[in-house]
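Each chain, letter by letter, is given below.
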Amino acid sequence: MLLDVDGTLIDSAASIEWAARTCAEEFGIDVGTLVEASRSGCTSRQMFAGLLSAESADAAHARLEELEANALAGLRMTAGARRLMRSLEGHRFALVTSMTRRVMAVRGARVGLRLPGVTVTADDVVTGKPHPEGYLLAARLLGVDIRDCVVVEDSPDGITAGRTAGATVVAVAGDSRAVNVYGAQHVVRSLRSVAFANGTLTLPVRPAPDTSHQENM
């Protein structure tokens, strides 16, 4: 399993929005544009590349990292995330995030998220999501074929990255766009409905809301 972090394992929406708004105001960027971009799942370097000159983009990236590393209020694990992470202990899994390694370490420590041996951050890739590089790197470091991996994501860019890489994608808290537009094969409301035991990942069948059937992967 290859898991995204922000929005998937850690509820950091308020922290991300505050940092994005603050950075946008300081650098004269349209606040709405930067806040929306910050929710997409791409790296901050990708966000700023299309909005500022190269020199200003580097400065904005550094400033946003500083803001995000200090915006810790309200951070918490998402529903079902802690249980799922415990069930994965002893199995091959990785985290793939658009955060920098510094921010990942701070947020993980804040919510008590133990980082696995393989954690791919924005510092480890040339091109972030929606490019598949991060997921392909994680699979390679785990020594597995990406086609045998399940990616768990919440953002459009992350879903696209997982599908482009060749993995099976589970979209968390997604809607029909996750399947019809971005290509996720499965959609769940939260990680509460995702179970992993004895090497088997179990998901609720959707979209039928009243079904009691389940399918195993």
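Structural data are supplied above this passage.
Cut-off values and rules
Residues numbered from 1 in each chain as written. Predicted model: local features only at pLDDT ≥ 70, side-chain atom pairs only at ≥ 80, totals over all residues. Heavy atoms only, no water. Helix = DSSP H or I, 4+ residues; strand = E, 2+ residues; numbered from the N terminus. Buried < 20%, exposed > 50% of the residue type's maximum accessible area, 1.4 Å probe, protein only. Contact = heavy atoms within 4.5 Å. Areas by Shrake-Rupley, 256 points an atom, 1.4 Å probe, with all protein chains shown as cover. Lys, Arg positive; Asp, Glu negative; His and termini not counted. Charge placed at Lys NZ, Arg CZ, Asp CG, Glu CD. 1 Å grid on protein atoms, 1.4 Å probe; cavity = no way out; pocket = protein on both sides within 12 Å on 5 of 7 lines; lining within 4 Å. Points joined across faces, edges and corners; volume = space filled by probe spheres on them. Nonpolar A, V, L, I, M, F, W, Y, C, P; charged D, E, K, R; others polar. Axes fitted to C-alpha atoms, helices over the stretch in contact; angles between N-to-C directions. Left-handed = near helix turned anticlockwise from the far one by under 90°. Expected span 1.5 Å × (residues − 1). Disulfide = S-S within 2.5 Å. Pairing = 2+ DSSP bridges. Right-handed = clockwise from strand over helix to strand, strands pointing away.

(A) Representation of the overall build of the protein in the model. The number of helices and strands found in the protein is 9 helices and 11 strands. Judged by the C-alpha coordinates and their principal axes, the protein covers about 50 × 35 × 30 Å. Scored against the burial criterion, the 217 residues of the protein give a buried share of 50%. Relative to all contacts within the protein whose residues are 6 or more apart in sequence, the contacts with residues 24 or more apart total 54%. Accessible surface for the protein amounts to roughly 10500 Å². Of this, 49% is attributable to carbon and sulfur atoms. Between the centroid of the 22 positive side chains of the protein and the centroid of its 25 negative side chains there is a distance of 7 Å.

(B) Inspection of the layout of surface pockets at higher detail. Taken as a whole, the largest pocket encloses approximately 540 Å³ of empty space. Asp-6, Gly-7, Ser-12, Ile-16 and Ser-38 are, among the 34 residues lining the largest pocket, the residues nearest its centre. Listed by contribution, the elements that provide at least two residues to the lining of the largest pocket are helix H1 (13-27), helix H2 (31-38), helix H3 (44-49), helix H4 (54-70), strand S3 (76-77) and helix H6 (101-111). With 4 residues, the single largest contributor to the lining of the largest pocket is H4. Put simply, the second largest pocket is a space of about 440 Å³. Every residue lining the second largest pocket is counted, 23 residues in all, and those nearest its centre are Asp-154, Ser-155, Pro-156, Val-172 and Ala-173. Those elements that provide at least two residues to the lining of the second largest pocket are helix H8 (156-165), strand S7 (168-172) and helix H9 (176-180). The dominant element in the lining of the second largest pocket, judged by the number of residues it contributes, is H8, at 3 residues. Partitioned by chemical class, the residues of the lining of the second largest pocket number 9 nonpolar, 7 polar and 7 charged.

(C) A look at the environment of Cys-42. Inspection of the secondary structure assignment puts Cys-42 in the loop between H2 and H3. On the basis of relative accessibility, which here comes to 15%, the residue Cys-42 falls in the buried class. Sequence-wise, Cys-42 and Gly-158 are 116 residues apart; in three dimensions their C-alpha atoms are separated by 7.9 Å. Beyond its immediate chain neighbours, meaning those up to four positions away, Cys-42 contacts Ala-37, Met-47, Ser-98, Lys-129 and Asp-157.

(D) Region of interest: the packing of H1 against H2. Two elements in contact, H1 and H2, have axes separated by 9 Å at closest approach and are oriented at 145 degrees. Crossing of H1 against H2: the hand is right-handed. Every residue of H2 that contacts H1 at Ile-16, Glu-17, Ala-20, Arg-21, Cys-23, Ala-24 and Glu-25 is listed here: Val-31, Leu-34, Val-35 and Ser-38. Here the contact of H1 with H2 is composed, by residue class, of 7 nonpolar, 1 polar and 3 charged.

(E) Region of the structure containing H1. With 15 residues, H1 ought to run about 21 Å at 1.5 Å a step, and its terminal C-alpha atoms sit 21 Å apart, in line with that. Inspection of H1 places Ser-15, Ile-16, Ala-19, Ala-20, Thr-22, Cys-23 and Ala-24 among the buried residues, and these make up the whole buried set. Check the buried side of H1 and you find it contacts H2, H3, H4 and H6. In the segment just after H1, Gly-28 is the residue with positive phi, at about 70 degrees.

(F) Fine view of the state of the cysteines. Following the criterion strictly, the structure yields 0 disulfides and no others. Unpaired in terms of disulfides, Cys-42 finds its nearest cysteine sulfur in Cys-23, a separation of 13 Å.

(G) Quick look at the pairing of S7. The element S7 is largely enclosed, with a buried count of 4 among its 5 residues. Relative to S7, strand S6 (residues 150-153) runs parallel, the two being bridged by 4 bridges. Its bridge partner being in S7, Val-152 is matched across the sheet by Val-170. Since S6 and S7 lie parallel, the crossover through H8 that links them has a hand, and here it is right-handed. Of the pairings in the sheet, the one linking S7 to strand S8 (residues 186-188) comprises 3 bridges and is parallel in character. Looking at the pairing, Ala-171 lines up with Val-187 of S8.

No statement about biological role is implied by the geometric values presented.
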